[in-house]
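# Results of the structural survey
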Amino acid sequence: MQDSELLHDGLALMALGMGFVFVFLTVLVVSVTLMSKLIGRFQPAPIASNTNKTTLSPAATSDQDGETLAVISAAVHRYRMARRR
C-alpha cells in the first residue's frame, strides 16, 4: 500500500470511530433525559413534612459545634504530622 492509501484508510477509520462514539453519546443523553422525565412524571418528589422535627436548644447546638470543631482540628493536626514524616 502506498502512503496516501494508508492515510485515507486511517482517516476513514478515525471518522467511523468518532461517528460511533458521537451516536452512542447522543443516544445515551436522550435516554437519560427521557428516563428522568418519566420518573418525574410517574413518581413525583415527596413533600417534606415538619411534624416529626425536633429542635435543639442553642446550648446543645453550640456544644455540638465545639466538639465537631475539636475533632476536625485534631484530625487535621494528625494528618499534617503524618505528612511531615
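A brief structural summary. (Residues numbered from 1 in each chain as written. Predicted model: local features only at pLDDT ≥ 70, side-chain atom pairs only at ≥ 80, totals over all residues. Heavy atoms only, no water.)

## So, the overall build of the protein
Helix and strand content of the protein: two helices and zero strands. Evaluated residue by residue, the protein yields a buried proportion of 0% over its 85 residues. When the accessible surface of the protein is summed, it comes to about 8,500 Å², and 67% of that surface belongs to carbon and sulfur atoms. (Helix = DSSP H or I, 4+ residues; strand = E, 2+ residues; numbered from the N terminus. Buried < 20%, exposed > 50% of the residue type's maximum accessible area, 1.4 Å probe, protein only. Areas by Shrake-Rupley, 256 points an atom, 1.4 Å probe, with all protein chains shown as cover.)

## Observations regarding a nonpolar patch on the surface
A contiguous nonpolar surface patch, about 700 Å² in accessible area, is contributed by Phe 20, Val 21, Phe 24, Leu 25, Leu 28, Val 32 and Met 35. Mapped onto the secondary structure, Val 32 falls in helix α1 (residues 3-42). For Val 32, a relative accessible area of 43% gives the class partly exposed. (Patch = residues over 30% accessible without salt bridge, like charges linked within 9 Å, V, L, I, M, F, W, Y side chains within 5 Å. Salt bridge = Lys/Arg side-chain N within 4 Å of Asp/Glu carboxyl O.)

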